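Each chain, written out:
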Amino acid sequence: MSQTSLLQQLLRTKPASSQDIIAEDEQHQGLHRSLGLFALTMIGVGATIGTGIFFTMVEAVPKAGPSVILSFLIAALTAGLTALCYSELSARIPASGSSYSFAYATVGEFAAFVVAACLLLEYGLAASATAIGWSAYLNNFLENAIGWQIPEMLRSPMIVSGPKGMEIHLSQFNLPPVILVMICCVLLLRGAKESATVNAIMVMIKLVILTFFAVIAFTGFHAEHFTPFFNTDNSKGLAGMAGVTAAAGTVFFSFIGLDTVATAGAEVKDPRKNVPLGIMAALLVVTVFYMLVAVAAIGAQPAAMFDGQEAGLAVILQNVTGKAWPALILSAGAVISVFSVTLVTIYGQSRILYAISKDGLIPYAFQKVHSRTRAPVINTVLVCLVVGIVAGLVDATFLWDMVSMGTLVAFIVVSSAVPVIRRQGTGHGNHGFRVPFGPYLIPGLSILACLYILKDLSATTYRVFFIWMFIAVGIYFLYSKRHSRLN
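Residues numbered from 1 in each chain as written. Predicted model: local features only at pLDDT ≥ 70, side-chain atom pairs only at ≥ 80, totals over all residues. Heavy atoms only, no water.

**As for the overall build of the chain**
Rule in force here: For the purposes of this entry, the term helix denotes a DSSP run of H or I that reaches at least four residues, the term strand denotes a run of E that reaches at least two, and both are numbered from the N terminus. Burial classification: accessible surface area is computed with a 1.4 Å probe over protein chains only, and a residue below 20% of its type maximum counts as buried, one above 50% as exposed, and the rest as partly exposed. Any pair of residues with heavy atoms lying within 4.5 Å of one another is described as a contacting pair. Using a 1.4 Å probe, accessible areas were evaluated by the Shrake-Rupley method; residue-level cover was limited to the displayed protein chains.
In terms of regular secondary structure, the chain is built from 19 helices and two strands. For the chain, the proportion of its 487 residues judged to be buried stands at 60%. Look at the contacts in the chain between residues 6 or more apart in sequence, and 82% of them connect residues 24 or more apart. Carbon and sulfur atoms make up 67% of the accessible area of the chain, which totals about 18700 Å².

Following this line, the structure appears as structure tokens:
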């Protein structure tokens, strides 16, 4: 094969007409369009709120100190810029593959497959990480409710991050996350509409619980906890803004919910209008609650106490009030919250596999749906199996930054796709949402913001990411390129 022919294959694009996509779904009896704007917004909020607030404060505050508030703002600004790009692309391409589908229609098949690999990494590890955090809050809830704790060996991972690097403890297994993933699997197999209803209920409970936390935490607010505002410990090179940027990289994966909204594009009523609105509404709700809870938490507890703290927000309430019942309520809310995060994250990954399979880049089995529920059964079971194994065996410390890496790379590609699709004039260019100030300014700022956060992720994160990319590229050239439907 000549170099020109190979390059043409790598850069070939899939037609992006939303009318063609909708007609194709109906003709092949694929996913069912059953989700409205409210359910879609709740999917975005459910995939986002909970992860960043309930867990990553423990990882992010030791890096940035009280200035972790700036980390959330930087992450929110970056996500907001990218959300505008997502909104235009999802209006033009209402498919189920999110960033993958957008890349396939604009920058070519090879780049789309790389983005798909990033999304699979992002969603799989995010689901595992949140399921792991569920174990700590479940244990805190059981201790405060009935005075019983889950045995240490059944809530500790086999592979942990120790002072000398990776440690393996064969006598340990984190069982609660596996149970959580199994419950999510059963719900998702019942269909998207039923899963979305359950998720919406859990999200509303979660927002009430976080408001409850903020109200009580503010009763113990101390302004001196914000002094010094920046991290002054430079032993790990995290003093000043370096710590803020590193923490922003850690918390950025919390905005994965934006991408999850776009993965539902093939199951949304009136997707050209509802997907952009759902993305922006979810971002607004998420940012408000993140900032509210972060300020309340820092004000109620010195930054130094966050390091290694298990079930952190529940402990803060217990320390502020001196009573167990507020922590009990918070832990119950966290258990529900993480349930919804895990549910919609697994949902998103199963739909990405569906989209890739429809294009022939992975085997046909991944696009099969149940005749009654219209749920992709094989995808859901396989994703839950992998997520459950990782969650049961691995320490969450290994996962947070890897999720951010996958998310940021996907966001960069989405931002790059906006000027391309404007130039192509494909999709519904005259209707639906359009990025303001032209096709270059907002996407360019989004790319720069993503690169700014990427620069302070750890060397280990980059090594693992490049190994994963090497595997993905190998799969593309050995299987996907030859089986593509565009052949």
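**As for the packing of helix α6 (residues 68-92) against helix α11 (residues 241-251)**
Put simply, the rule reads: A fitted line through C-alpha atoms serves as each axis, taken over the contacting stretch for helices, and the angle formed by two N-to-C directions is quoted from 0 to 180°. Just so you know how the angles are binned, under 35 degrees is roughly parallel, over 145 roughly antiparallel, 65 to 115 roughly perpendicular, and the rest oblique. Two helices cross in a left-handed way if the nearer one is turned anticlockwise from the farther one by less than a right angle. They cross in a right-handed way if the turn is clockwise. By the convention adopted, Pro, Cys, Tyr, Trp, Phe, Met, Ile, Leu, Val and Ala count as nonpolar, Lys, Arg, Asp and Glu as charged, and the other residues, Gly among them, as polar.
Between α6 and α11, the least distance of the axes is 8 Å, while the angle of their chain directions is 55°. The pairing of α6 with α11 is recorded here as oblique in orientation. With respect to the hand of their crossing, α6 and α11 are arranged in right-handed fashion. Note on element contacts: α11 touches α6 through Met-241, Val-244, Ala-247, Ala-248 and Val-251, opposite Val-68, Leu-70, Ser-71, Phe-72, Ile-74 and Ala-75. Its residues assigned to classes, the contact of α6 with α11 shows ten nonpolar, one polar and no charged.

**Some thoughts on the nonpolar core**
What counts, and what does not: The term nonpolar core refers to a set of buried residues drawn from Ala, Val, Leu, Ile, Met, Phe, Trp, Tyr and Cys, joined through side-chain atoms within 4.5 Å.
Counting 149 residues, the largest nonpolar core has Phe-72, Tyr-100, Tyr-137, Phe-213, Leu-313 and Leu-330 as the members making the most contacts within it. By residue number, the principal contributor to this core is helix α8 (residues 109-146), which donates 19 residues.

**Considerations on helix α7 (residues 99-106)**
Counting buried positions over the eight residues of α7 gives eight, a clear majority of the element. Within α7, burial applies to Ser-99, Tyr-100, Ser-101, Phe-102, Ala-103, Tyr-104, Ala-105 and Thr-106. Following α7 by one or two positions, Gly-108 adopts a phi angle in the positive range, close to 115°.

**Here's the deal with the environment of Val-208**
Inspection of the secondary structure puts Val-208 in helix α10 (residues 192-217). For Val-208, a relative accessible area of 56% corresponds to the exposed category.

**Considerations on α6**
The line we're drawing: Helix span, as expected, comes to 1.5 Å for every residue beyond the first.
If you check α6, its first and last C-alpha atoms are 36 Å apart, about what 25 residues at 1.5 Å a residue would give, namely 36 Å. Burial within α6 is extensive, with 21 of its 25 residues counted as buried.

**Quick notes on the pattern of salt bridges**
As a reminder of what qualifies: Each reported salt bridge corresponds to a side-chain nitrogen of Lys or Arg within 4 Å of a carboxyl oxygen of Asp or Glu.
Evaluated as defined, the whole model comprises three salt bridges. The salt bridge partner of Arg-422 is Glu-88, with a shortest N-O separation of 2.7 Å. Separated by 334 residues along the polypeptide, Arg-422 in helix α17 (residues 400-424) and Glu-88 in helix α6 bring together distant segments of the chain. Summarising the burial analysis for this pair, Arg-422 and Glu-88 share the class buried. A salt bridge links Glu-152 to Arg-155; the shortest N-O distance between them is 3.1 Å.

**Focus on the side chain of Ser-415**
Filter applied, for reference: Two N or O atoms count as a polar contact when they lie within 3.5 Å, although within protein this holds only if one can serve as hydrogen donor and the other as acceptor, and sequence-adjacent residues are included solely when both atoms are side-chain atoms.
Relative to the helices and strands, Ser-415 is located in helix α17. Side-chain polar atoms of Ser-415 contact the side chain of Ser-446, separated by 2.7 Å. Not counting residues up to four positions away in its chain, the partners in contact with Ser-415 are Thr-82, Cys-85, Pro-443, Ser-446 and Ile-447.

**Quick notes on unusual backbone geometry**
Omega for the peptide link from Thr-227 to Pro-228 comes to -5°, which places this bond in the cis form. Assignment of secondary structure puts Pro-228 in the loop between α10 and α11. Backbone geometry places Phe-437, a non-glycine residue, at a positive phi of 65°. Here Phe-437 falls in the exposed class, since its relative accessible area comes to 67%.

**Some details on the packing of aromatic side chains**
Going by this rule: Working definition: rings of Phe, Tyr and Trp (its six-membered ring) pair if their centres are within 6.5 Å, and the pair is stacked with planes under 30 degrees apart, edge-to-face with planes over 60 apart, and tilted otherwise.
Inspection of every chain in the model, using the stated rule, returns 14 aromatic pairs. Their ring planes at 70° and their centres at 6.0 Å tell us that Tyr-86 and Phe-102 sit as a pair that is edge-to-face. With a gap of 16 residues between them, Tyr-86 in helix α6 and Phe-102 in helix α7 connect regions that are remote in the sequence. For Tyr-86, a relative accessible area of 0% puts it in the buried group. Taken together, the ring pairs in this structure connect Phe-110, Phe-113, Tyr-476 and Phe-477 into an aromatic cluster.

**Describing the state of the cysteines**
Quick reminder of the rule: Counting rule for disulfides: a pair of cysteine sulfur atoms within 2.5 Å.
In total, this model carries zero disulfides according to the counting rule given. With no disulfide of its own, Cys-85 lies closest to Cys-450 among cysteine sulfurs, the gap being 9.1 Å.

**Considering a nonpolar patch on the surface**
Condition: Residues form patches when they are more than 30% accessible in relative terms and have no salt bridge. Like charges link within 9 Å. Nonpolar side chains (Val, Leu, Ile, Met, Phe, Trp, Tyr) link within 5 Å.
Taken together, the side chains of Met-153, Leu-154, Leu-175, Ile-179 and Ile-183 make up a nonpolar region of the molecular surface, amounting to roughly 390 Å² of accessible area. Note on placement: Ile-183 falls in helix α9 (residues 175-189).

**So, the environment of Phe-339**
Tracing the backbone through its elements, the reader meets Phe-339 in helix α15 (residues 325-358). Note: C-alpha distance between Phe-339 and Ala-47 (292 residues apart in sequence) is 9.8 Å. The contacts of Phe-339, once residues within four sequence positions are left out, are Trp-134, Leu-180, Ile-183, Cys-184, Leu-187 and Met-202.

**Brief notes about the packing of α6 against helix α13 (residues 271-300)**
Taken N-terminus to C-terminus, the directions of α6 and α13 make an angle of 175°; their axes are 9 Å apart at the nearest point. The angle between α6 and α13 places the two elements in the roughly antiparallel class.

**Quick word on the environment of Lys-455**
The residue Lys-455 is located in the loop between α18 (441-454) and α19 (459-483) in this model. Spatially, the C-alpha atom of Lys-455 lies 8.9 Å from that of Gly-249, the residues being 206 residues apart in sequence. Setting aside anything within four residues of it in sequence, one finds Lys-455 in contact with Thr-245 and Tyr-462.

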